[in-house]
Amino acid sequence: MSEKTKVAVLVSGGGTNLQALIDKVADGQLDDVEIVRVISSREDAFALTRAEKAGITTAVAREQQEVLKELKASGAEIVVLAGYMRVLSPEIIAEYRDRIINIHPSLIPKYCGKGFYGMRVHKAVIEAGEKESGATVHYVDEGVDTGAIILQEKVPVLDGDTPETLAARVLETEHEILARGLERAVDNLKKGGK
Ligand code: GAR
């Protein structure tokens, strides 16, 4: 069996995307991945409880220096931002160039960048009268949501949707494409580039 790729997951909130990765590793769908550490920007993030239940080492790191220290200590080869509500320092991006991926709850380049995160995205999509939204997995570069897109999937916006109902529909898609996006990032790493 080939060596598993070590992945660290950065979180800030509920951690349903993290849970999707944990479940897919457990049931063999993400066979060549090992989640070696979950690092949270907040100590009250439920994502930490999910990680602990799965037996994954956790850390709370508020400062970017601490995040970098934890990443290095974990031996992570790939970093996944799964509902991480901070912007990474240029130092971390340089250290893990083309090895950091993010899940974003819109069809980038729409509804992304500074100020567009979490429920704010879905609120803006509904207010604009969009008929479709979706989710995007992309590499992380120095900008906010500007890195190369790995994959994207659309979901419909339905009449009567609230930000919450749309968020729930988009989340289901996120859980699938984050795992597929991670697989691609692992393959790209093994091939020696993006
Ligand atoms: C997800 O919808 C994720 O795409 C979004 O936060 C939510 C976290 O949910 N991320 C961003 O908006 C980043 N800009 P989760 O904690 O249940 O995975």
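In this text, all values refer to a predicted model and were calculated from it rather than measured experimentally.

A. Highlighting the pattern of salt bridges. Tallied over the full model, the rule gives 13 salt bridges. The shortest N-O distance in the salt bridge between Glu132 and Lys154 comes to 3.6 Å. In this pair, Glu132 is assigned in strand E6 (residues 132-139) and Lys154 in strand E7 (residues 149-156), connecting sequence segments 22 residues apart. With relative accessibility at 37%, the residue Glu132 sits in the partly exposed group. Residue Lys154 is classed as exposed on the basis of its relative accessible area of 55%.

B. Spotlight on the packing of aromatic side chains. Tallied over the full model, the rule gives one aromatic pair. With a centroid separation of 5.9 Å and an interplanar angle of 90°, the aromatic rings of Tyr111 and Phe116 are classed as edge-to-face. Classification of Phe116 as partly exposed rests on a relative accessible area of 28%.

C. Just the sheet that holds strand E1 (residues 5-11), in detail. Pairing is mixed in the open sheet, where seven strands are placed in the order E3-E2-E1-E4-E5-E6-E7. What marks the edges here is a single partner per strand, and that holds for strand E3 (58-60) and E7. Within this sheet the neighbouring strands show an average axis-to-axis angle of 20°, counted without direction. Judged from the three bridges that link them, strand E4 (residues 78-81) and strand E5 (residues 100-104) form a sheet pairing that is parallel. In the strand pairing of E5, Val79 is matched with Ile100. Contacts from helix H6 (residues 163-191) reach E1, strand E2 (33-40), E4, E5, E6 and E7, with the element oriented near 160° to E7.

D. Main features of the packing of helix H1 (residues 16-26) against H6. With their axes 9 Å apart at the nearest point, H1 and H6 run at an angle of 55° to one another. Relative to H6, H1 is oriented oblique. Viewed along their axes, H1 and H6 form a crossing whose handedness is right-handed. Counting all contacts with H1, which are made through Thr16, Asn17, Ala20, Leu21 and Lys24, the residues of H6 involved are Leu171, Glu174, His175, Glu176, Leu178, Ala179 and Leu182. Residue classes in the contact of H1 with H6 are distributed as six nonpolar, three polar and three charged.

E. Main features of H6. Look at H6: 40 Å from first C-alpha to last across 29 residues, which is about the 42 Å you get at 1.5 Å a residue. One or two residues past the end of H6 sits Gly192, with phi positive at roughly 90°.

F. Structural context of the UniProt feature "site: Raises pKa of active site His" (unreviewed entry) in the chain. Residues annotated in UniProt with the feature "site: Raises pKa of active site His" (unreviewed entry) correspond here to Asp145. Along the chain, Asp145 turns up in the loop between E6 and E7. At a separation of 2.8 Å, a polar atom in the side chain of Asp145 contacts the main-chain amide nitrogen of Gly113.

Conventions used here
- Residues numbered from 1 in each chain as written.
- Predicted model: local features only at pLDDT ≥ 70, side-chain atom pairs only at ≥ 80, totals over all residues.
- Heavy atoms only, no water.
- Salt bridge = Lys/Arg side-chain N within 4 Å of Asp/Glu carboxyl O.
- Helix = DSSP H or I, 4+ residues; strand = E, 2+ residues; numbered from the N terminus.
- Buried < 20%, exposed > 50% of the residue type's maximum accessible area, 1.4 Å probe, protein only.
- Phe/Tyr/Trp six-rings, centres within 6.5 Å; stacked < 30°, edge-to-face > 60°.
- Pairing = 2+ DSSP bridges.
- Axes fitted to C-alpha atoms, helices over the stretch in contact; angles between N-to-C directions.
- Contact = heavy atoms within 4.5 Å.
- Parallel < 35°, antiparallel > 145°, perpendicular 65-115°, else oblique.
- Left-handed = near helix turned anticlockwise from the far one by under 90°.
- Nonpolar A, V, L, I, M, F, W, Y, C, P; charged D, E, K, R; others polar.
- Expected span 1.5 Å × (residues − 1).
- UniProt positions renumbered as here; feature names shortened; annotations may be inferred.
- Polar contact = N/O pair within 3.5 Å; in protein donor to acceptor, adjacent residues only side chain to side chain.

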